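Per-entry structural report
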Amino acid sequence: LAKTTQPISMDSYEGQEVNITCSHNNIATNDYITWYQQFPSQGPRFIIQGYKTKVTNEVASLFIPADRKSSTLSLPRVSLSDTAVYYCLVGDNDGGFKTIFGAGTRLFVKA
Amino acid sequence: SQTIHQWPATLVQPVGSPLSLECTVEGTSNPNLYWYRQAAGRGLQLLFYSVGIGQISSEVPQNLSASRPQDRQFILSSKKLLLSDSGFYLCAWSGTGASSTDTQYFGPGTRLTVL
């Protein structure tokens, strides 16, 4: 099964760029990498998804090296409201519809 | 647009009592449906997923069960709750693509406390 490894927690200050790296050594050829954000007492919500190289949307960028064994979520100019848990998600090596959420990274943004 | 509902929002139940949590999706057909549990301060644990009516796959052996009586209805049940069943229960749906990383959309969750 594809597993992910992320830092348990990170601290940052408002206005800084935050980079959260996820390791996924067993990622399968057809798997995509997806990041979610979760606030307390809410369900996770989709942030960004990519397969290789770089993907950017209105809230984040995702950098994926050629070997795809890791990925980095980049949040530009974070604010206090970006304090949340961020999950890196990859598909199951066996295919199908099973998904594995890691423990996530707890980001705390300070004023 | 698609919406996902869960109820109840909070629930306090004694040990040994039954459980029924309901999840419904609107605005889409034949979704993949998921039940997750999240213990306090922990990540999400996939409990069940379903690719169609009556088709349930269990990820973790436990005293919980799931059913999908209708296309957009997913129910999580237990005959006898344990203290360890306490947690935040999340239902999610995704489109019927072949990739296991199709974007999942989560409901508001049910906070279950077993006393």
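Just so you know, these numbers come straight off a predicted model, no measurement behind them. (Residues numbered from 1 in each chain as written. Chains lettered and ligands numbered in written order. Predicted model: local features only at pLDDT ≥ 70, side-chain atom pairs only at ≥ 80, totals over all residues. Heavy atoms only, no water.)

1. Focus: the packing of aromatic side chains
Evaluation of the coordinates by the stated rule reveals seven aromatic pairs over all chains. Each ring, one from Tyr36 of chain A and one from Phe46 of chain A, has its centre 6.3 Å from the other, and the planes form 85°; the classification is edge-to-face. On the criterion of sequence distance, the pair formed by Tyr36 of chain A in strand β3 (residues 33-38) and Phe46 of chain A in strand β4 (residues 45-50) is long-range, its members being ten residues apart. Pairwise contacts between aromatic rings join Tyr36 and Phe46 of chain A together with Tyr34, Tyr36 and Phe106 of chain B into one cluster. It is Arg68 of chain A that lies over the ring of Tyr51 of chain A; its NZ or CZ is 3.9 Å from the centre. (Phe/Tyr/Trp six-rings, centres within 6.5 Å; stacked < 30°, edge-to-face > 60°. Helix = DSSP H or I, 4+ residues; strand = E, 2+ residues; numbered from the N terminus. Lys NZ or Arg CZ within 6 Å of the ring centre and 35° of its normal.)

2. Some points on the side chain of Asp71 of chain B
Residues and elements named next belong to chain B. Looking at the secondary structure, you find Asp71 in the loop between β7 (64-70) and β8 (73-78). Here Asn30 takes part through its backbone nitrogen, which lies 2.7 Å from a polar atom of the side chain of Asp71. What Asp71 contacts, discounting residues up to four positions off in sequence, is Ser29, Asn30, Pro31, Leu33 and Ile53. (Polar contact = N/O pair within 3.5 Å; in protein donor to acceptor, adjacent residues only side chain to side chain. Contact = heavy atoms within 4.5 Å.)

3. Observations concerning the pattern of salt bridges
All names here are of chain B. Applying the stated criterion to the full structure yields three salt bridges over all chains. In this structure, Asp85 engages Arg37 in a salt bridge whose closest nitrogen and oxygen atoms are separated by 3.4 Å. Taken together, the residues Asp85 in the loop between β8 and β9 (87-94) and Arg37 in strand β4 (residues 32-38) connect sequence positions 48 residues apart. Relative accessible area serves as the criterion here: at 2%, Asp85 is assigned to the buried category. We note a salt bridge from Arg68 to Asp71, for which the minimum N-O separation is 3.3 Å. For Arg68, a relative accessible area of 2% gives the class buried. (Salt bridge = Lys/Arg side-chain N within 4 Å of Asp/Glu carboxyl O. Buried < 20%, exposed > 50% of the residue type's maximum accessible area, 1.4 Å probe, protein only.)

4. Quick word on the state of the cysteines
Residue and element names in this part refer to chain B. Going through the model one piece at a time under the given rule, you end up with two disulfides over all chains. Here Cys23 pairs with Cys91 through a disulfide, and the sulfurs are 2.0 Å apart. Because the sign of the S-S torsion sets the handedness, a value of about -75° for the bond joining Cys23 and Cys91 places this disulfide among the left-handed ones. One end of the pair, Cys23, is in strand β3 (residues 19-26); the other, Cys91, is in strand β9, with 68 residues separating them in the sequence. Like Cys91, Cys23 is buried. (Disulfide = S-S within 2.5 Å.)

What is shown is where atoms sit, not what they do.
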